[in-house]
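Residue-level listing of the chains:
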Amino acid sequence: MRLSKYFVPTRKEVPAEAETPSHRLMLRAGMIRQHAAGVYSILPLGWKVITNIMNLVREEMDAIGCFEFFLPALSPSELWVKSGRWETFGDDMFRLRDRKGREMCLAPTHEEVFTEIAANHIQSYRDLPQMWYQIQTKFRDEVRPRSGVLRIRQFLMKDAYSFDCDAAGLDENYRLQREAYLKIFQRAGLEVKIVRASSGAMGGGDCEEFMVLSDSGDDEIVNCPSCGYAANQEVAESCAEKVSGPKGDLKKVHTPGKRTIEEVSGFLEVEPSKLVKSLVYIGNDSKVFALVRGDHQVDEGKLEAAVGECRPAEPHEVKELTGAKIGFVSPVGIDNVTVIADTVLEGATGLVAGANEDDYHFTGVDIERDINIDRFTSLRAVQSGEPCIQCQKPLKVSRAIEVGHIFKLGTRYAEALGAYFLDENGISKPIIMGSYGIGIERIMACAIETYCDDTSMVWPWEITPFLVEIIPLNVTHVQSVEIAEDLYETLRQKGIPVLLDDRNDRAGVKFKDADLFGSPVYVVIGERNLKEGMVELRLRDRNEIEKVSVADITSRVLNVCEKNG
RNA sequence: CGGGGUGUAGCGCAGCCCGGUUAGCGCGCAUGCUUCGGGAGCAUGAGGCCGUGAGUUCAAAUCUCACCACCCCGACCA
């Protein structure tokens, strides 16, 4: 590609709002432009990266016998009503009506559509197993799109689905996908952690997420450097220490104006860990007290897993329920509520909790004696340093970006949409399914996040838009141009993606732009080195610069490309 | 939806508190000369319904109200 003819609108500055490194760099490098919240155009340079990622994904999917489809983004409501997700997707789904008033949506995912095809065409165990995939645009009306392309409302997803007769078949296809995912991410230059996760809106059984550690991520994962335990915070567990104060009688004490854990703890001279944090949530048909240790946080994902959908109560609702303001409440002496307590509180005594009267707390609270607990379960957000549930060594909590997610769906969609087959004995059974997703744009963003600094990036070899950038510093210098053109033509004929900066610009401009384009190899052709018959070869991913004679440069570059490509 | 913030030239921002000439600055763009190994210098020039709509006022980018959009922090997902 000749840069003088190409369309890459680079920028010196980007809006202050763009904070995430990948977002800033993609804007500066002229790879994306925004139209609305979470809606972006991908420009030619960015599209090359996306295309490379898609092809890489295709190769690995094809290699495990997964067949590529292309399904519609538009989808009739009936399908989703059958699966129950017309309801459960709620406001996350983009909905519309056609001219006849028929309800449709822009598909947020494609379980229903693929399952319908399976239902219509798979009849016998002889037709199974199958694995199908597509790369399609998905639409999700995210509550909060953010961080450039990391969380958007229209995005590309590779979604694959497996169809099997039995659990063993599902396990095998799940394993194949899992292995393929590891190859894909490795080839894309990403270091991923596989973590246990919750299946959320997809429904179904086991699932794992593929996470890239990054401060720009909006997931939290817990992992153990010693034994390899790894889980999303929403399902992570740890062995936090049980804490009890001295046993004693329940006593009401005056705590004027002391509402927060810190205030009460300071005022009564009791460590925060010996306080009970009581949070009130409103569920669909119940009021819920969630209890954790004073120095812990409730993880709402875990809470919802325990009690179903719920939201924090408004102050007036807390007042109606307990008679006290937030800060002075607890389930002590309160009936008709569900009380869920974190496991670490099991058997604890000598604690401090709200007295359900403004400006008063109880001391000497004995969890099991004084509170009618419905269930102990893991409710707390795991904190760095807590002992691992498997090996007791300290855990680490990190931010991460989810780039892939694989599920064992089971028979939920097959049953809802009538995807049954006849087994060897002529008995009708639902097809057992799995579902496997990869976020295409997220791979691009993660690669940048991994290999960038403030002003530049270096693409991993397999997804780079251009492998080699040739930079003749002065295009009015005849010899420079001749060498550059020569090398450019040779590389092009060898099929190497090469970018030639043939613009009549100053060296500084060319270098700055090149650093944004992110090619892992530069060939810099300048008069200074040419006087000695040399040009400069930069291997950016290795941070190496070498001088190579004009005579050798072509073979040297070909050699480098061969070794890495 | 809750909390915080922003909307002024293609891009990045100042001006707004405390209303008052022709609305500024930097980048970019156009033309010319000089420069030429890390976003050059000088000169000249083009480019604005000051987010939208109401209101207050002799007078509104500036004050008031409403709306819209976008960003950031919290609950969802690839």
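Residues numbered from 1 in each chain as written. Chains lettered and ligands numbered in written order. Predicted model: local features only at pLDDT ≥ 70, side-chain atom pairs only at ≥ 80, totals over all residues. Heavy atoms only, no water.

**Q** Any details on unusual backbone geometry? Residues and values, ideally.
**A** Omega for the bond connecting L128 with P129 falls within 30 degrees of zero, at -5°, which places this linkage in the cis form. The residue P129 is located in the loop between α5 (111-121) and β7 (130-139) in this model. Even without being glycine, S147 reaches a positive phi, approximately 55°. (Helix = DSSP H or I, 4+ residues; strand = E, 2+ residues; numbered from the N terminus.)

**Q** Lay out the sheet that holds strand β14 (residues 276-283) with the relevant residues and their values.
**A** The 5 strands lie next to each other as β16-β14-β15-β17-β20, forming an open sheet whose pairing is mixed. Edge positions in the open sheet fall to β16 (310-312) and β20 (375-377), since each of these has one partner strand only. Direction aside, neighbouring strands of the sheet carry axes that sit 35° apart on average. Pairing of strand β17 (residues 338-342) with β20 involves 3 bridges; the strand directions are parallel. Across the sheet, residue I340 finds its bridge partner in β20, namely R375. (Pairing = 2+ DSSP bridges. Axes fitted to C-alpha atoms, helices over the stretch in contact; angles between N-to-C directions.)

**Q** Give me the lowdown on the pattern of salt bridges, citing residues and values where you can.
**A** By the definition in use, this model includes 34 salt bridges. One salt bridge in this structure joins E78 and R102, with 3.5 Å as the shortest N-O distance. Within this pair, whereas E78 is found in helix α3 (residues 77-83), its partner R102 is found in the loop between β5 (94-97) and β6 (103-106), the two being separated by 24 residues in sequence. Taking relative accessible area as the criterion, E78 reaches 40% and is therefore assigned partly exposed. Here R380 makes a salt bridge to D342, at a shortest N to O gap of 2.8 Å. A residue pair is termed long-range when its members are at least 10 positions apart, and R380 in the loop between β20 and β21 (396-410) and D342 in strand β17 qualify at 38 residues. Here R380 falls in the buried class, since its relative accessible area comes to 3%. (Salt bridge = Lys/Arg side-chain N within 4 Å of Asp/Glu carboxyl O. Buried < 20%, exposed > 50% of the residue type's maximum accessible area, 1.4 Å probe, protein only.)

**Q** Quick rundown of helix α13 (residues 478-493)? Include the residues and the values.
**A** For α13, spanning 16 residues, the distance from its first C-alpha to its last is 23 Å, which sits close to the expected 22 Å at 1.5 Å a residue. Among all positions of α13, only S480, I483, A484, L487, Y488 and L491 are buried. Projected down its long axis, α13 carries its buried residues within an arc of 130°, all on one side. Pointing more than 90 degrees away from the buried face of α13 are the exposed residues V478, E482, D486 and Q493. For α13, the secondary structure elements touched by its buried residues are β25 (468-472), β26 (498-500), β27 (521-525), α15 (527-530) and α16 (553-564). One or two steps after α13, the chain reaches G495, where phi turns positive at roughly 80°. (Expected span 1.5 Å × (residues − 1). Arc of directions from axis to C-beta. Contact = heavy atoms within 4.5 Å.)

**Q** Summarise the protein's contact with RNA strand B; cite the residues concerned and give the values.
**A** Among the 52 residues in the neighbourhood of RNA strand B, the closest are listed as R140, R144, R151, D515 and R538. In RNA strand B, the atoms that sit within 4 Å of the protein are 50% sugar and phosphate, with bases accounting for the remainder. Within the side chain of E13, a nitrogen or oxygen atom sits 3.2 Å from a base nitrogen of RNA strand B. A distance of 2.7 Å separates a base nitrogen of RNA strand B from a polar atom in the side chain of D219. Where the surface near RNA strand B is concerned, the elements lending two or more residues are β1 (32-36), β8 (154-164), β21, β24 (432-439), α14 (507-517), α15 and β28 (534-539). Across the surface near RNA strand B, the residue classes tally to 19 nonpolar, 10 polar and 23 charged. (Near = heavy atom within 4 Å. Polar contact = N/O pair within 3.5 Å; in protein donor to acceptor, adjacent residues only side chain to side chain. Nonpolar A, V, L, I, M, F, W, Y, C, P; charged D, E, K, R; others polar.)

**Q** Could you give an account of the environment of S278, naming the residues involved and the relevant values?
**A** Note on placement: S278 falls in strand β14. Relative accessible area serves as the criterion here: at 11%, S278 is assigned to the buried category. Between the C-alpha atom of S278 and that of S75, which follows or precedes it by 203 residues, the distance is 44 Å.

**Q** Let's hear about empty space enclosed by the protein: which residues, and what values?
**A** Tallying each qualifying case throughout the model produces 1 cavity of 30 Å³ or more. Around the largest cavity, the lining residues are R146, S147, L150, R151, S216, G217, D218, D219, I401, E402 and R442. (1 Å grid on protein atoms, 1.4 Å probe; cavity = no way out; pocket = protein on both sides within 12 Å on 5 of 7 lines; lining within 4 Å. Points joined across faces, edges and corners; volume = space filled by probe spheres on them.)

**Q** So what's going on with the pairing of β27? Residues and values would help.
**A** For a regular strand, the rule is simple: side chains alternate between the two faces of the sheet. Burial analysis of β27 places 5 of its 5 residues in the buried class, which makes it a mostly covered element. Residues V521, V523 and I525 point to one face of β27 and Y522 and V524 to the other, with burial holding for every one of them. Note that β25 and β27 share 5 bridges and pair parallel. Paired with V468 across the strands is V521, a residue of β27. Bridge analysis of β27 against β28 gives 4 bridges, and the strand direction is antiparallel. Of the residues in β28, the one forming a bridge with V521 is L539.

**Q** Report on the side chain of R293, specifying residues and quantitative values.
**A** Here R293 shows up in strand β15 (residues 287-293). By relative accessible area, R293 is classed as buried at 9%. For R293, the side chain forms a polar contact with the main-chain oxygen of E241, separated by 2.6 Å. The contacts of R293, once residues within four sequence positions are left out, are E241, V243, S273, L275, K277, V344 and L345.

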